[in-house]
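These are the residues of each chain, in order.
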Amino acid sequence: MRLSRYFLPVLKENPAEAQIVSHRLMLRAGMIKQAAAGIYSWLPLGYKVLRNIEEIIHEEQIRAGHHPILMPTIQSADLWRESGRYNAYGEEMLRIRDRHDRDMLFTPTAEELITDIFRSHVTSYRDLPLTMYQIQWKFRDEIRPRFGVMRGREFYMKDGYNFDLTKEDALHAYNRHLVSYLRTYERMGLQAIPMRAESGAIGGDDTHEFLVLADTGESGVFYDSQVTDLRFGDRVIDYDSHADCQAVLEEFTSRYARTDDTHDEAVFHERVPEERRREARGIEVGQIFYFGTKYSEPLGATVQTPDGTQVPVHMGSHGIGVSRLAGAIIEASHDDNGIIWPEEVAPFRVGIVNVKQGDPTTDKACEDLYAALTAAGIETLYDDREERAGAKFATMDLIGLPWRVTVGPRGLKNGVVELTSRRTGEGEELAPELLMSRLP
Ligand code: P5A
């Protein structure tokens, strides 16, 4: 992409309404624009990041054996009356009336809707286990929307739902999600901490939330300083195997505790030596639930068991805050000059800075590099604007692309361009032909 033709409405000044760094940087980098309180448009740069996050989630969900679907954003109130949640959900639900005076709502979550799909089509234990998920907009009329996309009213969520014959099977589904979520966040360059949580409006006894460490987080957590050593990398997990999932979880879940739970804290103290104990705050980027028959019973979602009886299915649900993640990643990865995107979610991998626009040799070198990178499938943003070099560097730092290639007459005279890592700030001079082989 040529920056001269892109739509990147960068702001020079810090927007007064933004209280936290991710909100400030998303506005300054031209990623989002507020449409109404807690409701945002995603501009080209922001939308690219959102889609990259979404793509990683799809890949990891499908790897774990879950089926993608798409359900509507507007639902009829009737199903929610059947489950008993229509009145219980409270002020956060946006209620709508259509022209025929029917009660509708903008979906804050979809346990009822998916249970209705299930009960209409599935009758036998032979069709279980089953997990379906979607990535779809949700609306919750938060009393105090704030921090940009981190606590919006309209927000993008991955929501998944599992159906199992027994509690034991449903708990396996729960564990499978715990593992696949940890893997999903790791691929986004995040260290996510799974922590036992409160189930709130969704219900059930077993629930974990996933936290990304950042000072602006709303939850307190103790953790083992060695958790950063735990990485999936290329490790293959057999998601069908209870034992495999459990083994992963023993490694990954025993080293954390809520700061407001004395029992958890005591266990944490037993397991983790004092010098490795850390306390921090975290942003909730996902939550998983097991709630048994809370929805299947009132909605009559039953299956026939091998011995011919009818039983309600055991269920759970699992959510990832897709739009919130764009902000959370920035909270976890930035410096004074701007965003530092992890490679897998970066809107472009490489930015080319032409320090002397209009100089025929420099322009030609930039064009050649841009063509070569693009042909190799490397997403590249070429800053070809008639701007001072300093302004171009500032824009690149602000938007946080992992690699910057600086091209100028002085370097070209010696046959080199400079490749700089946004994360480390380290630069290396090299011949343009070598550039491709140096990108990790
Ligand atoms: C699980 C999926 C649920 O709604 N039902 C379907 C369950 N869980 S949850 O914890 O309430 O939400 C899942 C994740 O969505 C993100 N989230 C938000 N993101 C931005 N703005 C909001 N107002 C907001 N509310 C929830 C969180 O990341 C949460 O973990």
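Heads up: these notes are all about the structure in this document. (Residues numbered from 1 in each chain as written. Predicted model: local features only at pLDDT ≥ 70, side-chain atom pairs only at ≥ 80, totals over all residues. Heavy atoms only, no water.)

## Comments concerning the sheet that holds strand 6 (residues 103-106)
This is how the line gets drawn: In this analysis, strands are considered paired if DSSP registers two or more bridges between them. Put simply, DSSP marks the helices as runs of H or I at least four residues long and the strands as runs of E at least two long, and each gets a number from the N terminus on. Fitted lines through C-alpha atoms give the axes, limited to the stretch in contact for helices. The angle between two N-to-C directions lies from 0 to 180 degrees.
The strand order across the open sheet built from 3 strands is 4-6-5, with neighbouring strands paired in antiparallel fashion. Only two strands of the sheet have a single neighbouring strand rather than two, namely strand 4 (74-76) and strand 5 (94-97). In this sheet, adjacent strand axes meet at a mean angle of 35° when their direction is disregarded.

## Remarks on the packing of aromatic side chains
Put simply, the rule reads: Working definition: rings of Phe, Tyr and Trp (its six-membered ring) pair if their centres are within 6.5 Å, and the pair is stacked with planes under 30 degrees apart, edge-to-face with planes over 60 apart, and tilted otherwise. We call a residue buried when its accessible area falls under 20% of the maximum for its residue type, exposed when it is over 50%, and partly exposed in between, using a 1.4 Å probe and counting protein chains only. By definition, being over a ring means that NZ of Lys or CZ of Arg is both within 6 Å of the ring centre and within 35 degrees of the ring normal.
Per the counting criterion, the structure on display carries 11 aromatic pairs. Seen from their ring centres, Phe118 and Phe163 are 4.2 Å apart, and the 10° between their planes marks the pair as stacked. One end of the pair, Phe118, is in helix 5 (residues 111-121); the other, Phe163, is in strand 8 (residues 154-164), and 45 residues separate them in sequence. Ring centres of Phe291 and Tyr295 lie 4.9 Å apart, and the angle between their planes is 75°; on these two criteria the pair is classed as edge-to-face. Tyr295 shares its class with Phe291; the two are buried. Over the ring of Phe348 we find Lys48; its NZ or CZ atom is 4.6 Å from the centre of that ring.

## Here we look at the side chain of Asp264
Condition: Contact criterion: two residues are considered in contact whenever any of their non-hydrogen atoms come within 4.5 Å of each other.
Secondary-structure assignment places Asp264 in helix 8 (residues 262-271). Beyond its immediate stretch of four places on either side in the chain, Asp264 contacts Arg196, Ala257 and Arg258.

## Brief notes about the pattern of salt bridges
What counts is decided by this rule: Salt bridges are defined by distance alone: a side-chain nitrogen of Lys or Arg within 4 Å of a carboxyl oxygen of Asp or Glu.
The final tally for this structure, using the stated rule, is 31 salt bridges. Shared partners join several salt bridges into a network, and the residues in it are Glu59, Glu60, Arg63, Arg183, Arg187 and Glu344.

## Thoughts on the sheet that holds strand 23 (residues 427-430)
Read from one edge to the other, the open sheet built from 5 strands follows the order 20-19-21-22-23, with strand pairing classed as mixed. Both outer strands of the open sheet, strand 20 (380-383) and strand 23, are each paired with one neighbouring strand and no more. Within this sheet the neighbouring strands show an average axis-to-axis angle of 20°, counted without direction. By the bridge criterion, 4 bridges tie strand 21 (residues 403-407) to strand 22 (residues 417-421) in an arrangement that is antiparallel. When the bridges of strand 22 are listed, Trp403 appears paired with Ser421. Taken strand by strand, helix 12 (residues 389-399) contacts strand 19 (350-354), strand 20 and strand 21, and its axis lies near 170° from that of strand 19.

## Examining the pairing of strand 16 (residues 314-321)
Across the 8 residues of strand 16, 8 count as buried, placing the element largely inside the fold. Side chains His314, Gly316, His318 and Ile320 project from strand 16 onto one buried face, and the interleaved Met315, Ser317, Gly319 and Gly321 project onto a second face that is buried too. Alignment of strand 8 against strand 16, held across 8 bridges, turns out to be antiparallel. Each bridged residue has a counterpart across the sheet, and for Asp159 the counterpart in strand 16 is Gly319.

## A few points about the pairing of strand 2 (residues 39-42)
In regular strands, side chains alternate between the two faces of the sheet. Relative to strand 2, strand 1 (residues 32-36) runs antiparallel, the two being bridged by 4 bridges. Each bridged residue has a counterpart across the sheet, and for Ile32 the counterpart in strand 2 is Trp42. In this structure, the hairpin formed by strand 1 and strand 2 is closed by a connection of 2 residues, where Gly38 is found at a positive phi of approximately 70°.

## Here we look at helix 6 (residues 167-187)
Our working rule: Multiplying 1.5 Å by the residue count of a helix minus one yields the expected span of that helix.
Taking 1.5 Å as the rise per residue, helix 6 with 21 residues should run 30 Å; its terminal C-alpha atoms sit 30 Å apart, in good agreement. Looking one or two residues beyond helix 6, the residue adopting positive phi is Gly189, at roughly 80°.

## Examining the packing of helix 1 (residues 21-28) against helix 10 (residues 322-332)
Short version of the rule: Just so you know how the angles are binned, under 35 degrees is roughly parallel, over 145 roughly antiparallel, 65 to 115 roughly perpendicular, and the rest oblique. The nonpolar class holds Ala, Val, Leu, Ile, Met, Phe, Trp, Tyr, Cys and Pro. Asp, Glu, Lys and Arg form the charged class, and all remaining residues, Gly among them, are polar.
The contact between helix 1 and helix 10 brings their axes to 8 Å, and the two run at 110°. The pairing of helix 1 with helix 10 is recorded here as roughly perpendicular in orientation. Together, Val21, Ser22, Leu25 and Met26 of helix 1 and Ala326, Gly327, Ile330 and Glu331 of helix 10 make up the contact between the two elements. Considering only residue class, the contact of helix 1 with helix 10 consists of 5 nonpolar, 2 polar and 1 charged.

## A short note on the site of the ligand
Basically, it comes down to this: Nearness of a residue to a molecule or strand requires only that one of the residue's heavy atoms be within 4 Å of it. As used in this structure description, the phrase polar contact means that two N or O atoms lie within 3.5 Å; if the pair is within protein, one of them must be able to donate a hydrogen and the other to accept it, and residues adjacent in sequence are counted only when both atoms belong to side chains.
Around the ligand, the structure places 23 residues, and the nearest of them are Thr109, Glu111, Arg140, Gly152 and Glu284. One of the side-chain N or O atoms of Glu142 is found 2.9 Å from a nitrogen atom in the ligand. At 3.3 Å, a backbone N or O of Gly286 approaches an oxygen atom of the ligand. Every element with two or more residues in the shell around the ligand is listed here: strand 8, strand 13 (277-292) and strand 16.

## Regarding helix 11 (residues 360-375)
Because the α-helix completes a turn every 3.6 residues, residues three or four places apart line up on one side. Going by this rule: In this context, the arc is that of the directions from the helix axis out to the C-beta atoms.
Over its 16 residues, helix 11 runs 22 Å from end to end, which matches the ideal 22 Å to within 8%, given 1.5 Å per residue. Within the sequence span of helix 11, burial applies to Thr362, Asp363, Ala365, Cys366, Leu369, Tyr370 and Leu373. Buried residues along helix 11 cover an arc of 160° about the axis, so they all sit on one side. Across from the buried face of helix 11, at angles greater than 90 degrees, the exposed residues are Pro360, Thr361, Lys364 and Ala375. Contact partners of the buried residues in helix 11: strand 19, strand 20, strand 21, helix 13 (409-413), strand 22 and helix 14 (435-438). Gly377 occupies a position one or two residues after helix 11 and carries a positive phi of about 80°.

The analysis is restricted to geometry; functional conclusions fall outside its scope.
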